[in-house]
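Residues per chain are reported as follows:
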Amino acid sequence: MTDHIATLRRVIESWHRADVEGVMACLHPDIIWNNSGGIRAPLRGADAMRKTLEGMKGRITNNRWRLFDVAQDGDKVWMEGVDEFDTVDGIRVAIPYCGILDFKDGLIHHWREYFDGRLQENQLAGQGVSEHVEAMLARPAV
């Protein structure tokens, strides 16, 4: 069985370096990315994904994305973690999330993330990371 968790870890390591092409190397050309917790329509295709990642790369620093739990069953990976970073304006954003990855041909084909977008909006508006979110994030990464 292919170790899809290793592929996810390559994505995370690449994104820590702001290496868009390193992330793209792990994604299927027909990638579908539901990256907004359902707030917006999913991104479709490698071109849309690359454009979005390049835009994100220009707005964030100090990427601290990490996983707290991860499991694989066949060509599916479940993950729980935090997307944590600082904006170029110095605002700390820390969003707990869960996600599911479907793999095809050894690459991530469908990526679905579930999180509360209001947390990000509130943090970007200067409300900071709440104590109860801090408590959720105080777990060791796997």
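First, a word on scope: everything that follows refers to the structure included in this document. (Residues numbered from 1 in each chain as written. Predicted model: local features only at pLDDT ≥ 70, side-chain atom pairs only at ≥ 80, totals over all residues. Heavy atoms only, no water.)

**Points about the overall build of the protein chain**
- Check the secondary structure of the protein chain and you find five helices and seven strands.
- Order of helices (α) and strands (β) in the protein chain, N terminus to C terminus: α-α-β-β-α-β-β-β-β-β-α-α.
- For the protein chain, the C-alpha radius of gyration of 15 Å lies close to 14 Å, the compact-globule estimate for 142 residues.
- For the protein chain, the spread of C-alpha atoms along the principal axes amounts to about 40 × 30 × 25 Å. (Helix = DSSP H or I, 4+ residues; strand = E, 2+ residues; numbered from the N terminus. Rg over C-alpha atoms; globule rule 2.2 N^0.38 Å.)

**Some details on the side chain of N63**
- Here N63 is to be found in the loop between β3 (60-61) and β4 (66-73).
- Classification of N63 by relative accessible area gives buried; the value is 13%.
- Of the polar contacts made by the side chain of N63, one reaches the backbone nitrogen of W65; its length is 2.8 Å.
- The contact partners of N63, leaving out residues within four places of it in the chain, are W15, H16, E84 and F85. (Buried < 20%, exposed > 50% of the residue type's maximum accessible area, 1.4 Å probe, protein only. Polar contact = N/O pair within 3.5 Å; in protein donor to acceptor, adjacent residues only side chain to side chain. Contact = heavy atoms within 4.5 Å.)

**Digging into the layout of surface pockets**
- When its volume is computed, the largest pocket comes out at roughly 780 Å³.
- Together, 33 residues line the largest pocket, and N35, R40, M56, D83 and Q120 are the ones closest to its centre.
- If you list the elements that add at least two residues to the lining of the largest pocket, you get α1 (4-16), α3 (46-57), β5 (76-87), β6 (92-104), β7 (107-114) and α4 (117-127).
- Considering every element that reaches the lining of the largest pocket, the biggest residue donor is α3, with five residues.
- Partitioning the lining of the largest pocket into residue classes produces 20 nonpolar, seven polar and six charged. (1 Å grid on protein atoms, 1.4 Å probe; cavity = no way out; pocket = protein on both sides within 12 Å on 5 of 7 lines; lining within 4 Å. Points joined across faces, edges and corners; volume = space filled by probe spheres on them. Nonpolar A, V, L, I, M, F, W, Y, C, P; charged D, E, K, R; others polar.)

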